[in-house]
Amino acid sequence: MTTLTHIIPSLVASVTGSLVQDGHADAAGEVGHAAEQVSHAVSQGITPPVDGPLWIALIPLLPILGVVLTTLCAIFKVKSKLPAFLTVGCLAASFGLTVAMYQHLSGMGPGSTVVVTAFEWFDLSWGAGEGQRFQADFAFYVDTLTCLWMLFVTGLGTLIALYASEYMAQDVGKGYSRFFMAFNLFVFSMACLVMGENLLVLFLGWEGVGLCSYLLIGYFYKKPAAVEAAKKAFIVNRIGDLGLLLGIFLTFVKFGTVSYPELWPLVEPYIQMVKSGHAGDVPLTVSLIPILLMVGAFGKSAQLPLYVWLPDAMEGPTPVSALIHAATMVTAGVYLIARMYPMFLVSEYALPIVGWIGALTALLAATIGMAQFDIKRIMAYSTVSQLGYMFCGLAVLSSTGAAFHVFTHAFFKATLFLCCGAVMHGFAGQLDLRKLSGVAFMKGWGIVGIAMLVGCLNLAGFPFTAGFFSKDMILAESFVTAGPGYGAIGWILLITAGLTAYYTFRVFFRVFVGPKAFEPGDELHEDHGDDGHGDESRPEAGATKFHPHAPGLAVNLVLGILALASIVAAGAYFVDKEDHGWVGRLVHESSANYTGSAAFLEHGDGAHRLEAGATGDGEAGAVEHGEAGAAGHGAAAAHGSFLGMDPHKAMYYVSSVVGLIGIGAAFYLHYLGRTTAARSKADDLLPALGPIPRWAQHKWYVDEFYNAVIVVPLRVLAHVFHAIDRLLVDGVVNLAGVLPRFVGSRIRPWQNGVMHGYAVGMVGGLALLIAAVVLLSM
Amino acid sequence: MILALLILVPLLFALGVVAAPAHRARFIAFLGMLVTFVLACYALFVFNWDFAANRTQLGLSIEWFPKLGLGLSLGVDSVALWLIVLAALLGPLCVLGSWTSITTQQRTFFAWLLVLQAALTGVFAARDLMLFYICFEFTLIPMFVLIRVFGSTNRKAASVKFFMYTFTGSVIALAGLLYVVWFAARSGFGWTLDIEQLSHIAARMPAGEQAFVLLALLAGFAVKVPLFPVHTWLPLAHTEAPTAGSVILAGVLLKLGTYAMYRFVLPFAPVAVMEYAPAIAVLCIFGIIYAGLICWVQTDVKKLVAYSSVSHLGFCVLGLFALNVTGMTGSVLYMINHGLSTGALFFLIGFMYERYHTRSMREVGGLASKMPVWATFMVFFTMASVGLPGLNGFVSEFLCMLGTFQADAAWAGVEGGTPGATWGVLGPWFAVFAATGVIVAAMYLLYMVGRMCFGPLVEPAGHDDDHHDESDKKKLPADLTFREIGVLLPLAGLCLYLGLQPTPLMRSIEAPIKMTVRLVQSANGISEIRPPMSPRGTGDPSHEDGAAQHDGRGAEPLGTDTETEVVR
């Protein structure tokens, strides 16, 4: 390792050195330009970015080193756990640097931002005028929002890599190196996504995580379902990416730049326009940008109508589900909106759309989650649902709440997934909650049981857990903030909170407590690598001699740390109280802020804007209402209300009660009096609900609907095109080919070698010629 | 001189191949290609990359019949030079990739491959129409032989169709080119075949005549690209051609079409181009989606990649007709990048074919377990092809689409200003529809990878490793050999490098592209590119180009001194 530490800085030095050389000839001009913008920015209260230390670029670079090392392991067919430990080492170092980056930034005072340019990526100019240049460096932009995301990305990445070192052990020497290569590549891509200085680097990370997700979902590539799921994830994400790409185009055309620090001052005038009640004056080209960007966010963060890929993504190995499809990648959409928050404030429709999509997704996914039997799928739908909460948080002007929920969710959802993974691993791939019971009381499963309980309590929003505080923040704010139908969003979220508590504890009461009983799955490790996940209907013969194997040291250690972290995360709510907690402070000092004195909507003028909001007309005034409510806080609290109470205070009690009702229902239906794994009281209740549970179990037939409305018609169209291509387009060509041949075959008999035939022809031709000349000359 | 060598060396080695014994043919051919590649690299070295001097260079002129402007003149700008380098790079790789797959008539194969190489270089190096056209047409003959003799089952029909289709198109293009020459002579500039001179004279052609020239040129070059709806020769030719033939076909031969569009269509019909660009763009976009969807239902993997070329090159032509620097840069990069990634895909399919003797995805699939290295490369190049940021395909596709998006004169009137927009006749809607092609590309390419690499292993009946027959000794190992990896690695390296460091390449082609854009714009009375310090958006382009259009000729007459003015 010591040699490595020597190599890396020199590597960086060489890379950056070469950049400086082929750097801009007109750097001086650029600086002047930037300085002008910076001074503008300062006048608006945004701290201009300063060049940061180069070691910050190591944070994404170390995972790339991991990619290289694990690739070497693959080439040399390493038959040990070496790739895992290399990965853990690289990611841990990356995490260490992230902490150092946070320290560095904190040392610079609140609101400061840092830009580190790794190398030049795109630079194309077509004129000397301003904006006649498309420039996107491979650069990193570090503010507190970046730090928040990177801390849990690299932190969880390290822990989950450690967990995976044991979880993937049966693949050592086979797919082990491949797994960790993709794992490293994922962390690199995620780092680019989060740390990118411009929208293009973000897009690189955005597509990069998509690729890694594709590779990792399809990890068990012999299994057709996994290949299908991987493909589906990539393609559905691409639909979203299309929106993001067009958003980037429009941003560039409209503002002449895609770099964040240059963008903020340019967006500012439009925000002022909206603030002063002239939302109608914002050109369509500007207000369309957030709409396009959010399509990308909906794809990556699995929101309606593009959520369908995430549940299927559970075909991947569980550590992947935990890291990519629960904790980090799927929050990229939330990050995008938080990062581009100023842009979302220029459209009066953008945030309400985000809110409604989020709320409906939260509810829909929760209803599906209630009816599933596969515990991993339940967790997947729960992720979709919780992401809906985060989007609502953004929409109701509680970017703090959204970010806090992202943060707490990352820990407790990772815990939940890893617990499910441990169960799956120990019971040969069994995930059906009707076939497992009382796991927590089996020998060696104590830590898993406790970690699961912690995770469930958090997800259910049990009082004083981290999940409780973060969810409350969003719930309360959705009642406070006024907007088109925002009250309804609040109620939807509240109901969903109850459903969440129910389905979460349904899993817990069915699988982890109650009478001990189990039925192993169909994956016995001996033949795991040979035929992938075999067919469903394997004879029960193997079951008799099957013994569940309890998790080992690495898994237990990681689960313990994560469970602890999930609990401790609640503490973040109590430090920096004046900023709504530590996360709140990080958000307030970043571009996702809308209230702090350092940004676009000043904190102090809440009352003023309250007035503006009140006099504002209709839709246009709606958002300001919300801003005023959120920003003015104390003064504006009376503005939004929850059944006549102050939502901020009332919500603590209300959501506690709702959560407890949900848990209680699960306790009654799935624990009390249950004697077997397969049946509980809930089954007696089902007939009374008619076909609804069946519909919910079939995911409301959304997949079938998409298939019938989009996939099948496209498929038909493709076949039609293919037929047209062969018969019509090529047919015409062939006809054109046949025609001369036909003419030739008619004319050929004339060339018969008979002399007087030719003589006749010559005379005839001559006569025609003469006739033509005579006729023309007349 | 170096350019002449680049053409002559492969021809000499071709003679050597013919003269030598058959079992030495591939060695001589490889050496010849390698020498050509080294020469091309040397040309890169001696080329003056200084921005101001970056015009047609390395010239060589031999007069033959000066009164009629006949002669032989060579010379390249940076765009042409890069394409020569691309061809010279693929050359040795093609020989290496065909090392074991060609078992009979090796001398014929390698000799014609070298001749093809010379002809391709000639097209890019030509500075006069005569040489250009001769080389352009001559490429057909080696390719015809390669398909006819070394193709698979349906090779006869494929070779004839390939030859007749593209030949017919080119003849019409010749008529268009000659018309421009005649126009120059008619307008008192004398007989000249010099491309650069003609470019400046052609702008004075009335719009009506330009339209005819445009259509004639497109008839020839669109077939070559190929654009929808004149693409049907390509899937057939690709499927039947031997691996090296497919690689050269996709990698370089198709680029002759786009290169010719860049070199002739834009400068020879600058006013008409503006009028017809939207129509051409619609064809491109329809082709992107149409061919993409057809890919999605293919079962023949080679046909799939062939159709994907039709789809991909739609982006390339679209960028060209955005008529701005962004789009055109993207387009030229596309020519290079597509050559690398699609060339590699054809190599991969060829390596697979050599082992399984089938291209049907019904008969072979799930190869990741049997050929992990092959599958890794397959996924890599698919990702380059699908336009994953960080790899080369993204850069060119992004620029082509951005160029299309920007290119709308109406942006100038948009409230609040649009600093990132340029003059042009396409616009956001074109980009929106073209961009759906990105989704379609993911659909068919992942379908291909999903079938070929992943899923349960499928092998054709009778293919069995334990089955030893007399050809056992020659049998290739299950996975790629070092030779095959050696073919793919340079391509993979370049894909990654150009994905992360596209700017040096972009800068190197900036000057000729700006010149072309300026040529088109000034013919239409627009002067967006001309420096310095005129903040854009001050003029009203829509008004200006309207004026340029209605009397049907270029607003600013361009004298013979334009050349110096343009180059500055």
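Remember, it's a predicted structure, so these values are computed and weren't measured experimentally.

As a further point, take the confidence of the model for chain B. Atomic detail in the predicted coordinates should be set aside for any region of low pLDDT. All names here are of chain B. Residues of chain B with pLDDT of at least 70 account for 90%, and the chain-wide mean is 85. Across residues 530-568, where pLDDT falls below 50, the model places 58 contacts with residues more than four positions away in sequence or in other chains. We note a pTM of 0.87 for the whole complex and an ipTM of 0.89 for its interfaces.

Looking now at the interface of chain B and chain A. Taken residue by residue, the interface counts 73 residues in chain B and 60 residues in chain A. Carbon and sulfur atoms supply 71% of the area buried between chain B and chain A, which totals about 5900 Å² over both sides. Here chain B is connected to chain A by three salt bridges. The residue E120 of chain A makes a salt bridge to R507 of chain B at a minimum N-O spacing of 2.8 Å. Put simply, chain B and chain A have 18 residue pairs in polar contact (both at pLDDT 80 or more) between them. If one sorts the elements of the side of chain B that touches chain A by residue count, helix 17 (residues 428-452) of chain B sits on top with 12 residues. Grouping the amino acids of the side of chain B that touches chain A by side-chain chemistry returns 46 nonpolar, 20 polar and seven charged.

For a regular strand, side chains alternate in direction, first toward one face of the sheet and then toward the other. Residue and element names in this part refer to chain A. With nine of its 10 residues buried, strand 3 (residues 133-142) lies for the most part within the structure. Sheet analysis places strand 2 (residues 113-125) next to strand 3, joined by 10 bridges and oriented antiparallel. Residue T117 lies in a different strand from strand 3, and its bridge partner there is A139.

Here the focus is the sheet that holds strand 3 of chain A. All names here are of chain A. Strand order in this open sheet of three strands is 1-2-3, and the pairing throughout is mixed. If you trace the sheet from one side to the other, it starts and ends with strand 1 (49-51) and strand 3, each paired once. The mean inter-strand angle of the sheet, taken between neighbouring strand axes irrespective of direction, is 55°. Sheet topology note: the strand 1/strand 2 ladder contains three bridges and is parallel. What sits directly across from V50, in strand 2, is V114.

On to the packing of helix 10 (residues 233-240) of chain B against helix 11 (residues 243-268) of chain B. Residue and element names in this part refer to chain B. Contact geometry of helix 10 with helix 11 gives a least axis separation of 8 Å together with a crossing angle of 140°. In terms of orientation, helix 10 and helix 11 fall into the oblique class. Across the interface between the two elements, W233, L234, A237 and H238 of helix 10 pack against S246, L249, A250 and L254 of helix 11. The residue inventory of the contact of helix 10 with helix 11, partitioned by class, reads six nonpolar, two polar and no charged.

Considering every residue of chain A, the mean pLDDT works out to 81; 84% of them sit at 70 or more. Within the model, the stretch residues 1-45 of chain A combines pLDDT values under 50 with 37 contacts to residues more than four positions away or in other chains.

This part is about the packing of aromatic side chains. Evaluation of the coordinates by the stated rule reveals 82 aromatic pairs over all chains. Taking the centre distance of 5.8 Å and the plane angle of 70° together, the rings of F721 of chain A and F286 of chain B count as edge-to-face. Taken as a pair, F721 of chain A in helix 30 (residues 702-747) and F286 of chain B in helix 12 (residues 270-296) lie in two separate chains rather than in one. Judged by its relative accessible area of 11%, F721 of chain A is buried. Given a relative accessible area of 35%, F286 of chain B falls into the partly exposed group. Here the guanidinium or amino end of R434 of chain A rests over the ring plane of F373 of chain A, the centre of that ring lying 3.7 Å away.

For the rest of this paragraph, the subject is the packing of helix 19 (residues 466-480) of chain A against helix 20 (residues 486-512) of chain A. Residue and element names in this part refer to chain A. Packing of helix 19 against helix 20 brings their axes to within 7 Å, and their N-to-C directions diverge by 150°. Judged by the inter-axis angle, helix 19 sits roughly antiparallel to helix 20. Regarding helix 19 and helix 20, the two cross each other, and that crossing is left-handed. Note on element contacts: helix 20 touches helix 19 through Y486, G487, I489, G490, W491, L493, L494, A497 and T500, opposite K471, I474, L475, S478 and F479. Taken together, the residues of the contact of helix 19 with helix 20 break down into nine nonpolar, four polar and one charged.

With that out of the way, let us pick up the side chain of K413 of chain A. All names here are of chain A. Here K413 shows up in helix 17 (residues 399-426). For K413, which is buried and forms no salt bridge, the nearest opposite charge comes from D374, at a distance of 13 Å. When near neighbours in sequence (up to four residues on either side) are disregarded, K413 contacts A326, M379, S382, T383, Q386 and L459.

Residues and elements named next belong to chain A. We note that the domain assignment places domain 1 (35-531 + 547-588) and domain 2 (700-777) within chain A. For domain 1 and domain 2, the distance between their C-alpha centres works out to 58 Å. Every contact between the two is made by seven residues of domain 1 and, on the other side, four residues of domain 2. Taken together, both faces of the contact between domain 1 and domain 2 bury some 460 Å²; the carbon and sulfur share is 55%. Broken down residue by residue, the surface that domain 1 buries against domain 2 is led by P305, Y307 and V308, which jointly contribute 51%. Counting across the domain 1 and domain 2 interface gives one salt bridge. K232 is the partner of D703 in a salt bridge, and the nearest nitrogen-oxygen pair spans 3.0 Å. Summed over the shared surface of domain 1 and domain 2, the result is three residue pairs in polar contact (both at pLDDT 80 or more). Per element, the largest residue contribution to the side of domain 1 that touches domain 2 is three residues, and it comes from helix 15 (residues 350-371). A breakdown of the residues in the side of domain 1 that touches domain 2 according to their chemical character gives five nonpolar, one polar and one charged.

Here is what the cut-offs are and how they apply
- Residues numbered from 1 in each chain as written.
- Chains lettered and ligands numbered in written order.
- Predicted model: local features only at pLDDT ≥ 70, side-chain atom pairs only at ≥ 80, totals over all residues.
- Heavy atoms only, no water.
- pLDDT = per-residue confidence, 0-100.
- Contact = heavy atoms within 4.5 Å.
- Buried area = accessible area lost by both parts, 1.4 Å probe.
- Salt bridge = Lys/Arg side-chain N within 4 Å of Asp/Glu carboxyl O.
- Polar contact = N/O pair within 3.5 Å; in protein donor to acceptor, adjacent residues only side chain to side chain.
- Helix = DSSP H or I, 4+ residues; strand = E, 2+ residues; numbered from the N terminus.
- Nonpolar A, V, L, I, M, F, W, Y, C, P; charged D, E, K, R; others polar.
- Buried < 20%, exposed > 50% of the residue type's maximum accessible area, 1.4 Å probe, protein only.
- Pairing = 2+ DSSP bridges.
- Axes fitted to C-alpha atoms, helices over the stretch in contact; angles between N-to-C directions.
- Parallel < 35°, antiparallel > 145°, perpendicular 65-115°, else oblique.
- Phe/Tyr/Trp six-rings, centres within 6.5 Å; stacked < 30°, edge-to-face > 60°.
- Lys NZ or Arg CZ within 6 Å of the ring centre and 35° of its normal.
- Left-handed = near helix turned anticlockwise from the far one by under 90°.
- Lys, Arg positive; Asp, Glu negative; His and termini not counted.
- Domains from an automatic or database assignment.

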